[in-house]
Every structure is written in structure tokens, then in C-alpha cells.
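# Coordinate analysis (summary)
Residues per chain are reported as follows:
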Amino acid sequence: MEKQMPKMYDQISPCIDDIMSKIGKHVTLGLPIAVGKPTLVANEFYRRAKADPSMTLLIMSGLNLEKPKGKSELERRFLGPLVARLFPDYPDPEYMIDSAKNALPDNVSLRDFYVTPGGYLNNQYVQQGHISSNYTHVPRDVKNYGLNVAAVMVRRGMADGQEAYSLSSNADAPADMIAELLGERRKGAEGRKVAVLGQVNQNLPFMYGTAKVEPEAFTEIIDNPNFYHQLFGPPREPVTVTDYFVGVNTSPLILDDGCIQIGIGSLGDALSYGLMLRHSHNDTYKKLLKETGLLANHADTIAAAGGLEPFKHGLSVCTELVIDGFLRLMDAGIIKRNVYENLPLQRLLNQGRITEEVSIKTIEELLADGALSAKLTEADFKFLSEFGILRDGVSFSNGSIVTADGASIPADFSVGANMDAIAKNCLGSKLRNGLNVHGSFFLGPQSFYKALNDMTQEERNRIRMREISFTNQLYGDEELKRLQRKNARFVNVSLMTTILGAAVSDALDDGRVVSGVGGQYNFVCMAHEIANGRSVIILRSTRGAGEETISNVVFNYGHVTIPRHLKDIIVTEYGIADVRGRSDSDCVRAILNIADSRFQNDLLEKAKKSLKVRKDYKIPDQFRNNYPERLQAAIKPYIKEGMFQPFPFGTDFTPEEIKLGKALRGLKAVMEKKEFKLASIPSALKALTPPAASKIYLERMGLDKPKSPKETVMQKLVLFALANDGVI
């Protein structure tokens, strides 16, 4: 069949004109999650729908990323210069801005599978339009809504000497959606009218795997350097002491020569840091775990599930979301386990019958496994060459292997002399085309995107982008996936856990969506199905501060993301609860041991009342000192030595912004207290002329010279925040 090449455009409006003339005024627009969203294209569709009530627009997506704006005047003053610096030309999705104003037109609807955590609790359009689905079901659900336009940002480049495009960050659902729409296109007159639109943005890294597509994957492509806007790069969150202990407590559960998944955010950074501490500063690592009691309290679980030693064999990654922490772990020599997209090769490696060092034994074992014919075929030769078993410069002709110097060796492995000649003249030295990371999309700070762009093609090829149906489940190529994902440790973050082991990760008990299920359920289930796989749910044991502190370990909750029958390992800053297959009583006792001690008694009494533990049960003394102060004291000497800093992997914030941000967060917590009144600010501070040390901070907030009574009050609030945090 003749290839149908895309129509090329250098402007958005004519492209949308042509698409709508083809499909009509009823548009179901599928957009990828996060970074790869072609917001300029989506905004053009949205403007047309706003201007034309006879048009209907259904936008299906996830993580519609917006520049942070701040809710209060102080927040806006803090964020304004930061946003201008970090997001100079990033276009906000206009439909999300209007939805926040309750101004979305009646002919426009939103359907989101995942949203920025906590960002849309009071947005009626998002709450009403949310679709609660596993990530693997998203392509199916989008299809069922009648998708007729798929749009994605792409990177243009060359692959194997031919022009190609990369879906870059978004091989996840778009790969499946594009295939679906192209199927309709191939039906010709019998198929639905559809469009697959690529908007080129050369700031995207050119990624490989199923992210690499041919030009004919698209019906339209827009390419104009004026549209190469900056990628959305949220700055890293500060890592708190609590976060660090969650990460450090999780790190000994990761088994060497295995596979991991880690989520984004400060808890993910904390785990990455813990793994690096284990690998590169092992004595210090063990000393800390001993001092905190983790080794004494959880020795059996650590011995059974993970280990304490550096990573000799290393880890591979299978994840939906690729985070910059993985690059750190690659640089540290932790993520270094190669997996291969070939079943016989991976099977022999897992069985220890071959190593990555090529020898004649490699061919002998492949023959014994039935992966090669005794008389080599063209396909066999291609396989041996692709994975470096045969060296470069060797060719195949008329049933013989031709060496680089032109000698011909009969490709009959049943003859010993042939094998000897091949061993001497044809073998490579080491397997190649292994990879370290399977991922579906990525999101991170600007330094992360730069690092990906700065990689060589060979380095970037070690991060293989795949469709969500590959990364998030075992179905399809199941034997190979199981081999690649051996000893899996899939680590996911939850908001709360019940003492019976259910995880609350995506919504509140009144039904409002905090984020979405995403792939969490996928990975938890997969961990239960993989031999020696473990699901690890991590969370902070509390939220809030002081008298406003609330336990995240709860007796029960009106919504769960992961039901209790899928419980496995749960980690807080206070320890580890291994509850897979445990009785309700055992589960309750294990989770109580990692709850904050301020809430243990109440949780225990509720468990007794529900007959889940004996009436005479007492929490062991070694778990009765789960207080933040103990952790602060334990980590203090290490902080003095320069470890466990708020931004272990760097930050986009200036030093002044770091201090200001921390002080303003403290101020917000104080002001949210019911008893807080402006009069509670010390009168001496209110009357004082701002001290010299405060000048740089007040200038940053535009409050060094107040121009109104309101600004004067704000200045005093900032001074109070800085003083309260010890900055001035």
C-alpha cells in the first residue's frame, strides 16, 4: 500500500481549518498527559468552540499543566518573578483557566483521567468530568468516546538515515490512540473521518522505542520555530526530614539485580537519595539505620525483601513516569542492569547460562535453547549481529559468514571446525542494545530535559519509551516482561493508609478527586503477579503541624484506591509494615507500629472495639517513640556534615527564594490556625523599621517600600514569617 504522507503546515489556524472541514464541528480531541500536550493546538480548538456555539468540543486528557499562580496576594508576589523566570513562554491551557473561573462554555466538556494533585478540588468541571480508570484502560475509554482528533507534540529528527518523528515524552496512550485512528484512516471511505496531528517542538528530546514513528503516522504536521516553546518544568520540591526517613526506610527493600518503579516528587527524591547513600556511602547508611532502630525492628523484612549492601548487579526500571531521579541513579551506577528485548537472550541471562560477555558459549547456549538454527539463517544472523554476538564488519552470504577480511566460514554450527573459526574471527566482545529503563512518559525540571537532550543517541536509547499497555501490565509478551521485571519493587505514594492495609491515593471520602488512579493499581497488581515482586506503598504518617496535625494512618476511610486484599509493604518515616497475606490482627499491629505515637492509642482502641486485636494487646515499647523530635535528633549530626539537604539534586530557586518559600509556608500554617489573629504578631516587630537583613527578601516580594496600608500589613506578615523561621 502506498504511504500516505502528512500534510505540512507552518501555521496552526489553516491546519485546524482543514481538519474541521474534514471531520465537521463535533470534535473529540485526545491530548497526551503532561509535557507532550500541544497546548497551542488545543487552545485554537477551544477558541473556535467559544466563538461558535454550534460546535461541540470534548477534550480528553490528563495533567493539563498550568503555570502556578498562587491563591493569596503574598503567594502571587512570591510566584510572579519565579514563574516569569522558569516559564517565560509556556502557554497555559486556556480551557483550564476558564474552568477555574466557572466560565467554560456549555458546548465544551472536559474529561480528565489524572489531574495535578490537589489542584482542582473546587473546580466543578474537573470534578464532574473526571473519569476514574486504570491507566491501561485510558486508550479504550478514549476510543469509546468517539475520538476523532489526536494531537501530540513531537520532535523531528533522523533515524537510520530517514526522517522520523518522536513522540518523545508520550509513548503512553498516544501510541495506542494513533494506531486506532490510523486504522480508521486505512479503511478509506468506509472509515470515520479522523485526524492525527503532530505539532513539532524541537525542545523535546528525541526518544526511541515506540516513541519513534514514521512521518506517515500523522495526517497533519505543524512545524514552525515560533511554536517551539519551553517545556513545562516544575521546580523540585524541597525534601523534608520526614521525606528523607520515608525514603531511607524504603531503600533497604530494593533488591539488587531487580527492577524498580519510583514516583515523582519529594518522596521519590528521598528514595533516590537513600539508594545512593546505600550504594556509595554504605557504612554511613548502615550506621543511620542502626541508630534509628530500623535494623533491629525490621531485620526479617529487610533480609527477606531487599538488602543493605551496595548494588553489585544493579537495577533496571519499568515505570509509566520517567523521573530525573532515574538519571541520578544511572550516574551513580545503581541503574545499570541491562534488559534485552529478546526472549531467548533474556531467559538465558536470567538463568545464568550466559553473561553479557560474549563467548562461544553464548552461541552454544542459544543453540541448546532452540533460539538458533544449527544451519544459520538470515534471520539468525540478523539477531546475532543486532545484539553484538557477532562483531561489526561480519556479513552473511550464501549460507556462510564472511569475516571482515573476506574469509568465508560455513554457517553450520554442527561442525566443530566452523565453531572454532567463528570463535576466533567473528565474535563480538559484549552484548549490545541492552536498555536500563522502560518508561511511557516523563516530567521534571528543566535540568532533566536538558540532560536528556544532551545525551548521545546511544545513551538515550537506554531509556526506551513504550506504550502504557507495555509498561503497566504483563499481558502481551508476558514471559519476556516477567524476565525483565524480576525482583520488581514497585514503589507508589499514597495520601493515607487504613490500619487494615487499604491505600487512599487519589480522592477524598466525599468523592472529590485529588489526582487520579493513574497507574498505581496497575503496578500494585503487577507486583503481586511477578515472582518475588513486591508492591511498596509509601506515605508520611501525618499532615499538618502542631495542634493541626492529622494522622494519615486511619482506622477506616470512605474511599480507597488500593483495596486491602492487595496490601503488601507499607512504609512511613517510622518504619516498615510487611502485611502481604497477613491476618487482620497481624496487619493492624504492624501498621500501628509505623503510625505516629500521638495517634496510636486512638487507633488501637478503635481496632479493639472492632474486635481486630485482643482486648489486652499493647503496642511494643520500641514503637512507642514515633515522634518527629526523635527523627530530627537522629538526623541532625548528618545534616551538619552536609547531608540530607532540602534540595539534594539541585533547585531552580535562588537562595533567597528557598528561605522565603519556607518562611511563607510556615506563615500559612500559622494563619490557618483558628485562633490566629493579626494582633498575635508581636507588637515590637510591627513597630520596628525592617532590619537590614530583611531588605533582600522584602525587595524580592516588592514590599521594601509599601505604597498602601495593605502592603504595610503584608510587609509585617513577611517580617513575622522570616523572624518566626529564624531568617532574621
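Anything mentioned here points back to the structure above.
Summarised in this report is the structure supplied together with it. No experiment lies behind these values; they were computed from the predicted model shown.

### Side note on the overall build of the protein
Scanning the protein for helices and strands turns up 28 helices and 28 strands. The C-alpha radius of gyration of the protein comes to 28 Å, within 12% of the 27 Å expected for a compact globule of 728 residues. Along the first, second and third principal axes, the C-alpha atoms of the protein reach 95 × 65 × 55 Å. Split into buried and exposed, the 728 residues of the protein put 57% on the buried side. Taking the contacts inside the protein whose residues are at least 6 apart along the sequence as the reference set, 76% of them involve residues at least 24 apart. Accessible surface, the protein: about 30,500 Å² in total, of which carbon and sulfur atoms supply 52%. In the protein, which carries 89 positive and 86 negative side-chain charges, the distance between the mean positions of the two groups comes to 5 Å.

### Here's the deal with the nonpolar core
Core analysis: the biggest nonpolar cluster contains 124 residues, and Leu167, Phe218, Ile463, Phe644 and Val718 have the highest contact counts within it. In terms of residue count, the dominant contributor to this core is helix α28 (residues 709-724) (seven residues). Discounting chain neighbours no more than four positions away, the residues touching Val718 are Leu74, Leu660, Leu664, Leu698, Met701 and Leu703. Within the second largest apolar cluster, 33 residues are counted, among which are Ala49, Val108, Ala195 and Phe227.

### Points about the environment of Gly118
For Gly118, the location among the structural elements is in the loop between β4 (108-112) and α5 (124-129). Considering only alpha carbons, one finds Gly118 and Phe311, 193 residues apart in sequence, at a separation of 36 Å.

### Details of unusual backbone geometry
One non-glycine residue, Ala34, adopts positive backbone phi at about 65°. Tracing the chain through its elements places Ala34 in the loop between β2 (26-30) and α2 (39-51).

### Topic: the sheet that holds strand β26 (residues 553-554)
Read across the open sheet, the three strands follow the order β22-β21-β26; overall the sheet is mixed. A single partner strand is all that each edge strand has here, and the edge strands are β22 (503-504) and β26. Here strand β21 (residues 496-498) runs beside β22; their pairing, made up of two bridges, is antiparallel. The residue bridging Met496 from the neighbouring strand is Val504, located in β22.

### Regarding the packing of aromatic side chains
One pass over the full model with this rule turns up 19 aromatic pairs. Seen in terms of ring centroids, Tyr46 and Tyr95 are 6.2 Å apart; in terms of plane orientation they differ by 70°. Their pairing is edge-to-face. Here Tyr95 lies in helix α4 (residues 94-100) and Tyr46 lies in helix α2, a separation of 49 residues in the sequence. By relative accessible area, Tyr95 is classed as buried at 1%. Consider the rings of Tyr273 and Phe644, whose centres lie 5.2 Å apart with planes at 55°: the pair is tilted. Of this pair, Tyr273 sits in helix α9 (residues 266-280) while Phe644 is found in the loop between α24 (628-640) and α25 (655-671), placing the two residues 371 residues apart along the sequence. Taking relative accessible area as the criterion, Phe644 reaches 5% and is therefore assigned buried. Of the aromatic side chains, those joined through ring pairs into one cluster are Tyr244, Tyr273, Tyr638 and Phe644. In this structure, Arg466 packs its charged tip against the face of Phe470, placed 3.8 Å from the ring centre. The ring of Phe470 has Arg485 lying over it, and the distance from NZ or CZ to the ring centre is 5.2 Å.

### Description of helix α12 (residues 324-331)
An α-helix turns once per 3.6 residues; consequently, residues spaced three or four apart project the same way. For α12, the tally of buried residues reaches six of eight residues, placing the bulk of the element in the interior. For α12, the full list of buried residues reads Asp324, Gly325, Phe326, Leu327, Leu329 and Met330. Positive backbone phi, at 80°, marks Gly333, one or two positions downstream of α12.

### Observations concerning the sheet that holds strand β15 (residues 400-402)
On the basis of which strands lie adjacent, the open sheet formed by three strands has the order β14-β15-β16 and antiparallel pairing. Only two strands of the sheet have a single neighbouring strand rather than two, namely β14 (395-397) and β16 (408-410). On average, adjacent strands in this sheet sit at an angle of 35° to one another, irrespective of strand direction. The pairing of β14 with β15 spans three bridges and is antiparallel. For Ser397, the partnering residue across the bridge sits in β15 and is Ser400. In the packing of helix α16 (residues 416-425) onto the sheet, contacts are made with β15 and β16, and the angle to β16 comes to roughly 140°.

Cut-offs and rules
- The residue count restarts for each chain, going from 1 along the sequence in the order it is written.
- Side-chain atom pairs in this predicted model are given and counted only at pLDDT of 80 or more, local residue features only at pLDDT of at least 70, and totals for whole chains, interfaces and linings cover all residues.
- Remark: hydrogens and water are excluded; side-chain values derive from all non-hydrogen atoms of the structure.
- Per the convention used, a helix needs a DSSP run of H or I reaching at least four residues, while a strand needs a run of E reaching at least two, with both numbered from the N terminus.
- We compute the radius of gyration over the C-alpha atoms and compare it with the globule rule, which gives 2.2 Å times the number of residues raised to the power 0.38.
- Three labels apply to residues, based on accessible area from a 1.4 Å probe with only protein chains included: buried if under 20% of the type maximum, exposed if over 50%, partly exposed otherwise in between.
- Contact criterion: two residues are considered in contact whenever any of their non-hydrogen atoms come within 4.5 Å of each other.
- Only the protein chains shown count as covering a residue, and every accessible area follows the Shrake-Rupley method with a 1.4 Å probe.
- Charge counting treats Lys and Arg as positive and Asp and Glu as negative, with His and both chain ends excluded.
- We put the charge of a Lys on NZ, of an Arg on CZ, of an Asp on CG and of a Glu on CD.
- What makes a nonpolar core is a set of buried Ala, Val, Leu, Ile, Met, Phe, Trp, Tyr and Cys residues whose side-chain atoms join them at distances within 4.5 Å.
- Two strands are said to pair when DSSP picks up at least two bridges between them.
- Aromatic rings from Phe, Tyr and Trp, taking only the six-membered ring of Trp, are treated as a pair when their centres fall within 6.5 Å; an angle between ring planes under 30 degrees marks them as stacked, one over 60 as edge-to-face, and anything in between as tilted.
- Our definition puts a charge over a ring when NZ of Lys or CZ of Arg is within 6 Å of the ring centre and also within 35 degrees of the ring normal.
- Where helices are involved, their axes are fitted lines through C-alpha atoms of the stretch in contact, as for all axes, and angles between N-to-C directions lie from 0 to 180°.

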